[in-house]
Amino acid sequence: MTVVFYMNCVSAHQLPLAREVAKLVVRNQCLEGGESGFLYVDAGVGGQPMQTLKASDDLGVKVAKIDTDEAREAVETWDVVVTGLRDLELFERRESKGLRTFYYSERWFKPIEIRLKSFGLRFYLPGWIRMFIPSYRRMAKRFVRWSNTVPGACVLAIGPWAKKDFIRMGVPPGKIYPWGYFVEPGCTAPFKKSDSATLRLLWCGRLLDWKCVGDVVRAVVEYVGLKSKGISLTIVGDGPERVRLVKIAQGFPITFMPSQPMGKIRELMRTHDTLVLASNACEGWGAVVNEALEEGMNVIGTYEAGASAAILPR
């Protein structure tokens, strides 16, 4: 069997699964013989800086850019393609050849943010109103036709809210499989809780308003005001909310750190007690939840975010 991972970039949240699939492909070839292979194809359309790896990194799988002959042939003719790109023309070409395509996605109907700057107001509209846009509706109908009529089509929903969006579009539940992002395994050493009486909270990510970090900061500020001690918060990341949050946090046990390499973030996870994910429904997944659990942390997350809704107990 030949398998292609066709992704927007070389992502730290895709490579762990890619490596495991590549191992299965090699094992299958050893057992059954015949043509076999695995290729990670980089579409080069960008990704989040903290998640995007470079070709010089130890990737563990063969990677090719989509503008090479090898990559173009693989995505068109290999047995299985796993992709998060909405390339419906590619899906249909592969359909005509009887080839299997696995499409994974976060929510198609994420909330739509509306800002009224002159009034200082911000609110969200339900994402399904995108279906009133003719071009979006045509794309969705074309996708639903592919998913519903092609035997080799498979829809991998990143989180339970993505599944609900697909069902609302018209994809039958039997064609949808629960999915997520898969991160590197954690440290083999057991997690050791500090002897300190202070609860050490950690937040990591991009400082964007829909990640609601301000709610975490204000909660710590109010707790300290009531209890005077017993809690600390470390915020790791950069973004437009940073200046505002630093002002709110002044004088309280809240530490800000700039964005860190993944290895450093894993170290920080092993020296804190609880990770907090406070995002609203714009958070399609939130792989920091996976990473914190891998490192033995307690995790608190909002039910609106994909990862916490899928992984954490209610």
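Notes on the structure follow. (Residues numbered from 1 in each chain as written. Predicted model: local features only at pLDDT ≥ 70, side-chain atom pairs only at ≥ 80, totals over all residues. Heavy atoms only, no water.)

Digging into the pattern of salt bridges
The cut-off we apply is this: Salt bridges are identified by distance alone: a Lys or Arg side-chain nitrogen within 4 Å of an Asp or Glu carboxyl oxygen. Where helices and strands are cited, they refer to DSSP runs of H or I of at least four residues and of E of at least two residues respectively, numbered from the N terminus. Relative accessibility decides the category of a residue: with a 1.4 Å probe and only protein chains considered, values under 20% of the type maximum give buried, values over 50% give exposed, and everything between is partly exposed.
Applying the stated criterion across every chain yields a total of 24 salt bridges. Here Lys23 makes a salt bridge to Glu20, at a shortest N to O gap of 3.3 Å. Of the two residues, Lys23 and Glu20 both sit in helix α1 (residues 15-32), three residues apart, roughly one turn of that helix. A relative accessible area of 46% means that Lys23 is categorised as partly exposed. A salt bridge links Lys97 to Glu76; its shortest N-O distance comes to 3.5 Å. Placement of the pair is Lys97 in the loop between α3 (88-96) and β5 (100-105) and Glu76 in helix α2 (residues 69-77), with a sequence separation of 21 residues. Where salt bridges share partners, they join Glu92, Glu95, Arg142 and Arg145 into one cluster.

Quick notes on unusual backbone geometry
For Cys212, which is not a glycine, the phi torsion comes out positive at approximately 55°. Following the sequence through the fold, Cys212 ends up in the loop between β10 (199-204) and α6 (213-227).

Focus: the nonpolar core
Threshold: Here, nonpolar core means buried Ala, Val, Leu, Ile, Met, Phe, Trp, Tyr and Cys residues that are tied together by side-chain atoms lying within 4.5 Å of each other. Note on contacts: a residue pair is in contact if any heavy atoms of the two residues lie within 4.5 Å.
Residues Phe5, Phe38, Tyr40, Met269 and Leu275 are the most contacted members of the largest nonpolar core, which totals 42 residues. Considering each element in turn, this core owes the most residues, six residues, to α1. Discounting residues that sit within four places of it in the chain, Phe38 has contacts with Val3, Phe5, Ala18, Val21, Ala22, Val25, Val61, Lys62 and Trp78. Core analysis: the second largest hydrophobic core is formed by 32 residues, Tyr103, Val150, Ala153 and Ala162 among them.

Looking at the sheet that holds strand β4 (residues 80-83)
Counted only if it meets this: Criterion used throughout: strands pair if DSSP finds at least two bridges between them. Between N-to-C directions, angles span 0 to 180 degrees; the directions come from axes that are lines fitted to C-alpha atoms, helices contributing only their stretch in contact.
Taken in spatial order, the seven strands make up an open sheet running β3-β2-β1-β4-β5-β8-β9, and their pairing is parallel. The strands lining the two open edges of the sheet, one partner per strand, are β3 (63-65) and β9 (176-179). Strand after strand, the sheet turns through a mean of 25° between neighbouring axes, direction not considered. Where strand β8 (residues 153-158) lies against β9, four bridges are found, and the strand directions are parallel. Within β9, the residue paired with Val155 across the bridge is Ile176.

With respect to the sheet that holds strand β12 (residues 254-257)
Taken in spatial order, the five strands of this open sheet run β12-β11-β10-β13-β14, and their pairing is parallel. Lying at the two open borders of the sheet, with one neighbouring strand each, are β12 and β14 (298-301). Taking the axes of each pair of neighbouring strands and ignoring which way they run, one obtains an average angle of 20° across the sheet. The pairing of β10 with strand β13 (residues 274-277) spans two bridges and is parallel. In the strand pairing of β13, Leu202 is matched with Leu275.

Re helix α8 (residues 262-269)
Where we set the bar: This arc is taken over the directions from the axis of the helix to the C-beta atoms.
Residues of α8 that are buried include every one of Ile265, Arg266, Leu268 and Met269, and no others. Take α8 and look down its axis: the buried residues cluster within an arc of 160°, on one side only. On the buried face of α8, the contacting elements are β10, β11 (231-236), β12, β13 and α9 (288-294).

Regarding the packing of α2 against α3
Put simply, the test is: Three classes are used: nonpolar for Ala, Val, Leu, Ile, Met, Phe, Trp, Tyr, Cys and Pro, charged for Asp, Glu, Lys and Arg, and polar for all others, with Gly counted as polar.
Packing of α2 against α3 leaves a shortest axis separation of 8 Å and a crossing angle of 60°. In contact with Ala74, Val75, Glu76 and Thr77 of α2, α3 contributes Leu90, Arg93 and Arg94. Class assignment of the residues belonging to the contact of α2 with α3 gives a composition of three nonpolar, one polar and three charged.

No statement about biological role is implied by the geometric values presented.
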